[in-house]
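Take a look at the letters that make up each chain.
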Amino acid sequence: MNELVSAEMPLAVPTGQWGGLELSVVIPTFKERGNIAPLLERLNVALQGIAWEAIFVDDDSPDGTAEFVKSVAAKDLRIRCLRRITRRGLAGACIEGILSSAAPYVAVMDADLQHDENLLPRMLQKLRGGDDLVVGSRYIEGKATAGFSSGRDAISRVATSLAQRLTGVTLTDPMSGFFMLRRAIFDPLAAELSPHGFKILLDIVITARGRFRLSEEPFVFAERLTGKSKLDAQVGLDFLGLLVSKVSGGAVTPRFLSFALVGALGVVVHLTVLRLCLLADMDFALAQTAGTLVSMTGNFFLNNRLTYRDRRLTGWRALRGLLEFMAFSSVGAIANVGIASWLYTFEPVWWVAGIAGAVMGAVWNYSMSNLFVWRVK
Ligand code: GDD
Ligand code: MN
């Protein structure tokens, strides 16, 4: 270790020269170039009298968002840009942005002007008063959600009530992407947070296990100014995955859950094809083979799209992956039947043996898929 700088010896911190920083506003961006200038103008007005900075975390947007932010940052010390390459994801972007802050308080907000910047000073006031986390909520009484389509609104509400039931978290809007927190309470949690998906706030609150002083502030979710929303049906799956993973204490990972759901769907597909083939007077063995091939192929492509979307196989690799997947699944099926029959001789309860075999087969298929078919390069 360096003799001049040991861990026990605090370094002298130069103070006062440039004035302190109180608030970092972390703004994740993907294809938001047109929203940056108006957002900064609004922040400039709303945050008068507060020592603030804005940290944009851009996942290498093809529209030049990062270049634009940097052109502003070159002229204004309060603006920073973290350009991430080779990875995507709202939650991960927020985590890295917060980790790059040195301010005592950190806010997270969207770049598209849907979050009301006038709430920021009030949130800061509450943190100064001793709160640990203040959430901008879209659902507190009396506040409309102007920027919500009715479909989005319904999904959001169902997700919210599910989250409340399963986790005991009493926030009215746990899916909100607008909040401010004390950095000292975030830093120790960071390593336990999931960088995937959209549900960063819920993840923080669940991981903190009730140790936070929480509060909420209502705001009206505005219409998006320009650009498009990146939230889609995938968000629902991500969310379910996070809940199951947290509730099972990490035993069931979001990826395994997705793999198992696809597998369950495969059983339905298999039985449907089998039935149709039998109705068409096909020989049973042939019909069963057809069902197996169709469901395996379907499962492979669904897993390729959903479960392993971050490692998606294309072209020849997809074909090779499909063959590997079929080979491993066949072994899985043999293991499944073997285990189930063996158990059945000890404990002749059909459904116990059946479920044990199916779980065995699923775990085998999943392990092989992870290790070989969609292996990390
Ligand atoms: N760096 C980065 N990487 N930023 C991203 C990514 C990504 O992969 N995906 C989205 N963003 C940025 C957008 O550019 C925007 O600034 C912000 O994250 C929110 O994304 P939107 O696509 O505008 O989300 P939304 O308005 O549909 O969803 C809102 O509601 C959700 C819950 O219902 C947001 O407030 C979300 O934060 C919230 O979880
Ligand atoms: Mn938005």
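Up top is the structure.
What counts and what doesn't
Residues numbered from 1 in each chain as written. Chains lettered and ligands numbered in written order. Predicted model: local features only at pLDDT ≥ 70, side-chain atom pairs only at ≥ 80, totals over all residues. Heavy atoms only, no water. Salt bridge = Lys/Arg side-chain N within 4 Å of Asp/Glu carboxyl O. Helix = DSSP H or I, 4+ residues; strand = E, 2+ residues; numbered from the N terminus. Buried < 20%, exposed > 50% of the residue type's maximum accessible area, 1.4 Å probe, protein only. Near = heavy atom within 4 Å. Polar contact = N/O pair within 3.5 Å; in protein donor to acceptor, adjacent residues only side chain to side chain. Areas by Shrake-Rupley, 256 points an atom, 1.4 Å probe, with all protein chains shown as cover. Nonpolar A, V, L, I, M, F, W, Y, C, P; charged D, E, K, R; others polar. Phe/Tyr/Trp six-rings, centres within 6.5 Å; stacked < 30°, edge-to-face > 60°. Lys NZ or Arg CZ within 6 Å of the ring centre and 35° of its normal. Core = buried A, V, L, I, M, F, W, Y, C linked by side-chain atoms within 4.5 Å. Pairing = 2+ DSSP bridges. Axes fitted to C-alpha atoms, helices over the stretch in contact; angles between N-to-C directions. Contact = heavy atoms within 4.5 Å. Donors = N, O, S within 2.8 Å, 3.2 Å for Na, K, Ca; no water. Patch = residues over 30% accessible without salt bridge, like charges linked within 9 Å, V, L, I, M, F, W, Y side chains within 5 Å.

(A) Quick look at the pattern of salt bridges. Per the stated rule, a full pass over the model turns up 18 salt bridges. Its salt-bridge partner being Glu217, residue Arg122 comes within 3.0 Å of it at the nearest N-O pair. Of this pair, Arg122 sits in helix H4 (residues 120-128) while Glu217 sits in strand S7 (residues 214-218), and the two are 95 residues apart along the sequence. Looking at Arg122, the relative accessible area reads 43%, which means it is partly exposed.

(B) Representation of the site of ligand 1 in the model. As a matter of local geometry, ligand 1 sits amid 26 residues, with Glu32, Asp110, Arg224, Ser229 and Lys230 nearest to it. In the environment of ligand 1, an oxygen atom lies 2.7 Å from a nitrogen or oxygen atom belonging to the side chain of Arg88. Interatomic distance of 3.0 Å between a backbone N/O atom of Met175 and an oxygen atom of ligand 1. Considering ligand 1 on its own, with 740 Å² of exposed area, one finds that the protein chains cover 98% of that surface. Elements with a contribution of two residues or more to the shell around ligand 1: strand S1 (23-29), helix H3 (90-99) and helix H5 (150-167). Of the residues in the shell around ligand 1, the class split is ten nonpolar, seven polar and nine charged.

(C) View of unusual backbone geometry. One non-glycine residue, Lys31, lies in positive phi territory at about 55 degrees. Relative to the elements of secondary structure, Lys31 occurs in the loop between S1 and helix H1 (33-46). With relative accessibility at 41%, the residue Lys31 sits in the partly exposed group. Of note in this structure, Thr86 is not a glycine but carries a positive phi near 60 degrees. With respect to the helices and strands, the residue Thr86 is situated in the loop between strand S3 (79-83) and H3.

(D) Quick look at the packing of aromatic side chains. A complete count under the given rule lists eleven aromatic pairs for this structure. The interplanar angle of 5 degrees and the centroid separation of 4.4 Å between the aromatic rings of Tyr308 and Trp374 together place this pair among those described as stacked. In this pair, Tyr308 sits in the loop between helix H10 (284-307) and helix H11 (315-346) while Trp374 sits in the segment after helix H12 (350-373), placing the two residues 66 residues apart along the sequence. One exposure class covers both Tyr308 and Trp374, and it is buried. Pairwise contacts between aromatic rings join Phe300, Phe301, Tyr308, Phe325 and Trp374 into one cluster. Seen from the ring of Phe221, Arg138 lies directly overhead, with NZ or CZ sitting 5.1 Å from the centre.

(E) Spatial organisation of the nonpolar core. Core analysis: the largest hydrophobic core is formed by 35 residues, its most contacted members being Leu133, Phe179, Phe186 and Ile204. Ranked by size, the runner-up nonpolar core spans 31 residues in total, among them Phe56, Cys81, Ala111 and Leu124.

(F) A look at the sheet that holds S3. In space, the seven strands of this open sheet follow the order S3-S2-S1-S4-S6-S5-S7, with mixed pairing throughout. The open sheet has two edge strands with one neighbour each: S3 and S7. Strand-to-strand twist in this sheet, taken as the mean axis angle between neighbours without regard to direction, amounts to 20 degrees. Each of S1, strand S2 (52-58) and S3 touches helix H2 (residues 65-73); the most contacted strand, S3, lies at about 150 degrees to it. Packed on one face of the sheet, helix H7 (residues 200-208) meets strand S5 (133-137), strand S6 (179-182) and S7 and runs near 35 degrees to S6.

(G) Local environment of the coordination of the manganese ion (ligand 2). Here the manganese ion (ligand 2) is held by the protein donor atoms Asp112 (OD) and Gln114 (OE1), which lie 2.0 Å from it. Looking at Gln114, the relative accessible area reads 10%, which means it is buried.

(H) Structural view of H3. Across the ten residues of H3, seven count as buried, placing the element largely inside the fold. Listed as buried for H3 are Ala91, Gly92, Ala93, Cys94, Ile95, Gly97 and Ile98. Against the buried residues of H3 lie S1, S2, S3, strand S4 (105-108), helix H6 (183-186) and H7.

(I) Here's a closer look at a nonpolar patch on the surface. A cluster of nonpolar side chains, namely Tyr344, Trp350, Trp351, Val352, Ile355, Val359 and Val363, defines an oily patch on the protein surface of about 740 Å² accessible area. With six residues, H12 is the single largest residue contributor to the nonpolar patch. Considering the arrangement of structural elements, one finds Tyr344 in helix H11.

(J) Just the pairing of S5, in detail. Most of S5 is tucked away: five of the five residues are buried. The alternating pattern of S5 places Leu133, Val135 and Ser137 on one face and Val134 and Gly136 on the opposite face, and all of these are buried. Sheet analysis places S5 next to S6, joined by three bridges and oriented antiparallel. Looking at the pairing, Val135 lines up with Phe179 of S6. As defined by bridge partners, S5 adjoins S7 across five bridges and the pair is classed as parallel. Note on S7: the bridge partner recorded for Val134 is Ser215.

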